[in-house]
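Chain by chain, the residues:
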Amino acid sequence: MRRFPIFLIVFSVLAAAAGFFIRGAELRSAFDPISGLAIPGAGATGLLIALTAAVAAAAAAAGIMISARFELPNDVGGDVPEGTQSPEGTALSDGTAPEVAADAGGEPGAS
């Protein structure tokens, strides 16, 4: 049960270290020293892009696995039963506060 969070930390640190070293290699080899412009087709750039895509995919997969683990039942967070919420509370939740204030005889937007 405790292995998963530790794995995420270790994976993150290793991915960051790999990115650090690949970026250093990219700065040394993927740019023209005179103009500073990128050299087309540099291998370190492609490797850094691939590492970024792999880490993003792994993070998405980990997020899906974590959210599936803590999934709530469908009825939680449903509609509030009729008559249990005041018009002012409803107005704040659906963005119709000026209309409710005007219906109550007050100024729109006044609290």
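A brief structural summary. (Residues numbered from 1 in each chain as written. Predicted model: local features only at pLDDT ≥ 70, side-chain atom pairs only at ≥ 80, totals over all residues. Heavy atoms only, no water.)

Here the distance between the centres and the angle between the planes together describe a pair of aromatic rings. One pass over the structure, following the stated rule, counts two aromatic pairs. Both rings, one in phenylalanine 7 and one in phenylalanine 11, keep their centres 6.1 Å apart while their planes meet at 25°; by these two values the pair is stacked. Pair noted here: phenylalanine 7 and phenylalanine 11 are both in helix α1 (residues 3–29), with a separation of four residues, about one helical turn. Ring centres 5.3 Å apart and planes at 75° place the aromatic pair phenylalanine 20 and phenylalanine 21 in the edge-to-face group. (Phe/Tyr/Trp six-rings, centres within 6.5 Å; stacked < 30°, edge-to-face > 60°. Helix = DSSP H or I, 4+ residues; strand = E, 2+ residues; numbered from the N terminus.)

In this model, the largest pocket occupies a volume close to 160 Å³. Lining the largest pocket are 12 residues, with Leu8, Phe11, Ala58, Ala59 and Ala62 sitting closest to its centre. Residue assignment for the lining of the largest pocket shows that the elements contributing at least two residues are α1 and α2 (43–69). Considering only residue class, the lining of the largest pocket consists of 11 nonpolar, one polar and no charged. (1 Å grid on protein atoms, 1.4 Å probe; cavity = no way out; pocket = protein on both sides within 12 Å on 5 of 7 lines; lining within 4 Å. Points joined across faces, edges and corners; volume = space filled by probe spheres on them. Nonpolar A, V, L, I, M, F, W, Y, C, P; charged D, E, K, R; others polar.)

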